[in-house]
Amino acid sequence: MARRKPVLAPYHHFTKAQWGALRADEPMTLTRDDIARLRTLSDPISLEEAEATYLPLTRLLSFYVEAIQNLHSVSTRFLETKDHKVPFIIGVAGSVAVGKSTTARILQALLQRWPASPKVDLVTTDGFLYPNAELEKRGIMERKGFPESYDRVRFVQFLADIKSGKTNVKVPVYSHMVYDVVPDSEVTIEQPDILIVEGLNILQPGELPKTGAPILFASDFIDFSIYIDADNDDLEAWFMERFFRLRETAFKDPKSFFRRFAEMSQDEAGEFARMVWRTVNLPNLLDNVLPTRGRADLILKKGKSHHIEDVKLRRV
């Protein structure tokens, strides 16, 4: 009789109701107006959805933060080194149009309202994209958003500086209006208690050197990672919906890089947006983003209505 292979199940699985019950007595500190302000253009999240999804998560994160702080305290005591505040870093990953920004902003608002009032900063990886001129020089302008379009060395150094407790850590500013990094413009991150990093490829490990030399990846600095998941057809529909909403709003700004799309016919604009999804965003998702899903600590799976349908939490 053949021996059965062991079944490896790295995640606990929860239905939406089971996950929501883990909220326990965690209070909701946001209002309906807060949620309306924090959600992105095409994300219809409600206060009830936020309560069911993010209150259990913030309760879980409070335990993780405490555990990491205790681990750091033990380490410094063993090494007999000076203790210093080590920021807790949360990563939010997932496809274009899946709602990463909404998740990141709601988490930031909830965590800021913990009783201890921690300092919670939010950074997107857009600022670490190479400027358009550099992308053109490298011949990869059409691959903007792919891993090679980011200054990964600078991003890893940024995370290392944050983790080491450095002050006045600078982050480049990216403008979606002009579709480029803003020259000589930076924001300063000043020793946060918690840092939320949101981006497409933050969980990607990269290539390992064949020499076995030690190497650092962005994911090495992330204490808790979240992947927002959805079916590809839903993602395309949400991307198209967001594109047409922007076409009626931000794209009409004379300074917008996308001004020409507001001047196209409805059919022409739709054809262009669908081409962008299928030749840029979908290949990037399939080749680079989706393969990192299994590295996340928490996977939030959305259904067609944009609402979370089930949750997977990595076993420890």
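Here is what the cut-offs are and how they apply
- Residues numbered from 1 in each chain as written.
- Predicted model: local features only at pLDDT ≥ 70, side-chain atom pairs only at ≥ 80, totals over all residues.
- Heavy atoms only, no water.
- Pairing = 2+ DSSP bridges.
- Helix = DSSP H or I, 4+ residues; strand = E, 2+ residues; numbered from the N terminus.
- Axes fitted to C-alpha atoms, helices over the stretch in contact; angles between N-to-C directions.
- Contact = heavy atoms within 4.5 Å.

Caption draft 1: Representation of the sheet that holds strand 9 (residues 308-314) in the model. The strand order across the open sheet formed by 7 strands is 1-9-8-7-2-6-3, and the pairing between neighbours is mixed. Unpaired on one side and paired on the other, strand 1 (11-15) and strand 3 (120-124) mark the two borders of the sheet. Taken pair by pair, the neighbouring strands of this sheet meet at an average axis angle of 20 degrees, ignoring direction. Sheet topology note: the strand 3/strand 6 (residues 194-198) ladder contains 5 bridges and is parallel. Its bridge partner being in strand 6, Asp121 is matched across the sheet by Leu195. Each of strand 2 (88-94), strand 3, strand 6 and strand 7 (224-229) is contacted by helix 4 (residues 100-112), which is oriented at about 170 degrees to strand 6, the strand it contacts most.

Caption draft 2: Expanded view of the pairing of strand 9. Note that strand 1 and strand 9 share 5 bridges and pair antiparallel. Following the sheet pairing, Thr15 is matched in strand 9 by Asp310. Counting the residues that bridge the hairpin from strand 8 (residues 298-302) to strand 9 gives 5 residues, and of these His306 lies at a positive phi of roughly 80 degrees.

Caption draft 3: A look at the side chain of Thr58. Within the secondary structure, Thr58 is located in helix 3 (residues 47-79). For Thr58, the contacting residues outside a window of four places in its chain are Glu26, Leu107, Leu110, Leu111 and Trp114.

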